[in-house]
Amino acid sequence: MEIMGDRTTLLETGRFVQRHAAGAADAASAADSPGATSAPLTSGVEETADAETEARHRRAADTGDVASMSVLGALLLRRGDLDGAEPYLRSATAEGDRAAANNLGVLLHQRGYPDEAAGWWRIAAVAGSAAAAHALGRHHRELGDEPAAEYWLRQSAEQGHALGAYALADLLEHRSDVGAERWLRAAAEQGHREAAYRLARTLERRARETGRAGAGPVHRRGTGPTAPGGGGTGSHRTGRIGAHRDGTGTRMNTGARMSTGTGTGLNTGLSRGTGTGTGMDGAGGADAPALLAEAAQWYRQAAARGHRRAALHLGAILEKRGELKEAGRWYLTSARDGDARAACALGFLLRDAGDEESAAIWWLRAAQEGNGNAANALGALHAARGEQQTAERWYRAAMDAGDVNGAYNLGLLCAAQDRTVQAEQWYRRAAYAGHREAANALAVLLLQADDPTGAEPWFSKAAEAGSVDAAFNLGILFAGRDEDRTALRWYERAAAAGHTEAALQVGIACLRDGDERSAERHLRCAAGGGSAEAAFRLATLLDSRQPPPGPPALGEPYGLKSECEQWYERAAEQGHRRAQVRVGMLAAARGDIGDAARWYREAAEAGSRNGAFNLGLLLVREGGEREAALWWTRAAQAGHGRAALRLALLAARRGELTEGQRWCARAVELGPAEVAERAARLREALHQELTA
């Protein structure tokens, strides 16, 4: 009970401003107890420690003045002079002073007589002392008598006592009573910092739940959550460990990436380093932003009163809003007060601002206080610098601090150094501890070692735990076994969670089954997530529905680009060779030869034989026959029959009959049938010319 124990200070009831002990039983933590706040009550006399004032009250008390007896007893009790305070408090209590009765209860409790203390608190509470009712309620709760505790705490709270309201809210919250929030709000509105903090936490949780209810999948490019419960938010990848492909060219994905984005491909398992859970899962309902805004207000109130965890959470919300400067200020406030998570979060903020040296200082401070996230961040920082031994030391420190991401990162570090045996050991350790991405990485490692039987259970375990990458990899695994229905089920699961490549695979399957409507929906999701192949296939699907364009009227300008052309261009800009050829064809059709040549050249230089052939056609039209021959040669060598036929015709015009016969033979070999027939006739003509 917060007004009891060796560290108890005087609590004002009827006449005095009393301070609650830091060792409060109803405190949420030792560092942030409600006892750290003042609780001004019905006071008629200003407290003072001035010796002259004390002497004046002592003279008045010796003459029988009840008010002075009560004040003097309170002053002596606050000073710790229990023997001196007791006779004055008893005398004032005997005269009916309720403040003295309450303070006498405090004194007796400090002396180890809780039952007698409760008796005096009851007297004061019945007389209308809200503080005594609060103390009595806390006493009954310690005894396990919750009905009595609720009765007295409610009496205190309804009289406007902040600590009574907070203690009542704590009791109701323990019972999952919906009325707890009302009393938390009442206490917070009176300046109770712990109540403000807990009210903010309640509002934030509700905002997060509302956000989840209204969120849709955000399609990502083959990424998966990094922490065992779905932590990390970074985007830098290690490079996929596996290179196993199915029939569509899909690659195994480990999801191994780093939240810090330092470029090491390792994973700290952090959500911006705070671990506060303030991030919203989606746009959510309309109430979520309002709830989060109100939570920020209460965090701000608590933080302004010195609540370091409130400062941490406020910083996280502000960072999410993009208010980085103010977020950094609150992180700094909390970190200076000793909060390791705030120091870690501040390190990330500084790192993102380009100040790695300062970031490392705060991470070091947090790691030395046992913060595993900060140790992981330091490990990633040193790994990025090529300091592998130092990185390994910090990852081990993270693991020793109880952060399973440390073991996972050690596995990634060993895998990057081709220390496969050690990597497997660390992955197994993290996977057995419940790290889903470690389970996925372990499965990929086993699959690389030609152990699909051993890999499948780990993929399944990771997928069932929520790893999007593992669900995608299971799809690849089953597709490789020609178990297309099972593969599609896993692809659909990954796609529903926002996996871009999985959405592409589902779209391809729908196209194969003739379900164009579903195919379009999944291809749009994948294309929106950045898949060039999905953008190209979507454009092809839309293109197939368009009627063939008629010739434009004389002088009629070319119309706006269609949606399918826009998707072709998006895929082309991402380096998709077939899309580049298609965009070049569309540009040529509207007479934009320069743009067409540019796209054909990009495709040809990337290895597209169609791009090389079409570029040759444009160059011949512009008089560049020599360069055209070079591109046709490249296309023919890559298997383009029409390019071979063009080279044969070019050689024939130059009189190089033997060279022409050689390219005719190549064209006949490559086809298609129409080209092979023309090439055969040309070869026969050249043969007759040579033998004439």
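Residues numbered from 1 in each chain as written. Predicted model: local features only at pLDDT ≥ 70, side-chain atom pairs only at ≥ 80, totals over all residues. Heavy atoms only, no water.

Asks: Help me out: how do you make sense of the nonpolar core in this one?
Replies: Most often, soluble globular proteins have nonpolar side chains that are buried together. With 70 residues, the main nonpolar core has Tyr427, Phe459 and Tyr491 as its most contacted residues. Counting residues in hydrophobic clusters, the runner-up holds 62 residues, among them Ala196, Leu291, Tyr299 and Ala303. (Core = buried A, V, L, I, M, F, W, Y, C linked by side-chain atoms within 4.5 Å. Buried < 20%, exposed > 50% of the residue type's maximum accessible area, 1.4 Å probe, protein only.)

Asks: Just to check I follow, could you spell out helix H30 (residues 609-621) for this structure?
Replies: Turn by turn, an α-helix covers 3.6 residues, leaving residues three or four places apart pointing in a common direction. An ideal rise of 1.5 Å per residue puts 18 Å on 13 residues; H30 measures up with 19 Å between its terminal C-alpha atoms. Listing the buried residues of H30 in full gives Gly611, Ala612, Phe613, Asn614, Leu615, Gly616, Leu618 and Leu619. Packing partners of the buried residues in H30 comprise helix H28 (577-589), helix H29 (593-605), helix H31 (625-637) and helix H32 (641-654). Trailing H30 by a residue or two, Gly623 shows a phi angle of about 90 degrees, which is positive. (Helix = DSSP H or I, 4+ residues; strand = E, 2+ residues; numbered from the N terminus. Expected span 1.5 Å × (residues − 1). Contact = heavy atoms within 4.5 Å.)

Asks: How do you make sense of the packing of H30 against H31 when you look at a structure like this?
Replies: Each pair of packed helices can be summarised by the angle the axes make with each other and by the distance between the axes. Interaxial distance between H30 and H31 falls to 8 Å at its minimum, and their mutual angle equals 165 degrees. Regarding the angle of H30 to H31, the classification is roughly antiparallel. Every pair of crossing elements has a handedness; the one defined by H30 and H31 is left-handed. Within the contact between the two elements, H30 uses Arg609, Ala612, Phe613, Leu615, Gly616, Leu617, Leu619 and Val620 and H31 uses Glu625, Glu627, Ala628, Trp631, Trp632 and Ala635. Residues that form the contact of H30 with H31 fall into these classes: 10 nonpolar, 1 polar and 3 charged. (Axes fitted to C-alpha atoms, helices over the stretch in contact; angles between N-to-C directions. Parallel < 35°, antiparallel > 145°, perpendicular 65-115°, else oblique. Left-handed = near helix turned anticlockwise from the far one by under 90°. Nonpolar A, V, L, I, M, F, W, Y, C, P; charged D, E, K, R; others polar.)

Asks: Just checking my understanding: could you explain the packing of aromatic side chains for this structure?
Replies: Geometry of an aromatic ring pair is reported as the spacing of the ring centres plus the angle between the planes. If you walk through the whole model with that rule in mind, you get 8 aromatic pairs. Centre to centre, the rings of Tyr432 and Trp458 are 5.2 Å apart; their planes meet at 80 degrees, and the pair counts as edge-to-face. Separated by 26 residues along the polypeptide, Tyr432 in helix H19 (residues 420-432) and Trp458 in helix H21 (residues 452-464) bring together distant segments of the chain. Overall, the relative accessible area of 10% leaves Trp458 in the buried class. Here the guanidinium or amino end of Arg598 rests over the ring plane of Trp599, the centre of that ring lying 4.4 Å away. The residue whose ring lies beneath Arg662 is Trp663, and the NZ or CZ to ring-centre distance is 4.6 Å. (Phe/Tyr/Trp six-rings, centres within 6.5 Å; stacked < 30°, edge-to-face > 60°. Lys NZ or Arg CZ within 6 Å of the ring centre and 35° of its normal.)

Asks: Which parts of the structure should I look at to understand unusual backbone geometry?
Replies: For residues other than glycine, phi is negative in most cases, and the peptide bonds are mostly trans. A cis geometry characterises the amide bond from Gly671 onward to Pro672, with omega recorded as 5 degrees. Positive phi outside glycine occurs at Asp418, with the angle close to 60 degrees. Along the polypeptide, Asp418 turns up in the loop between helix H18 (405-416) and H19.

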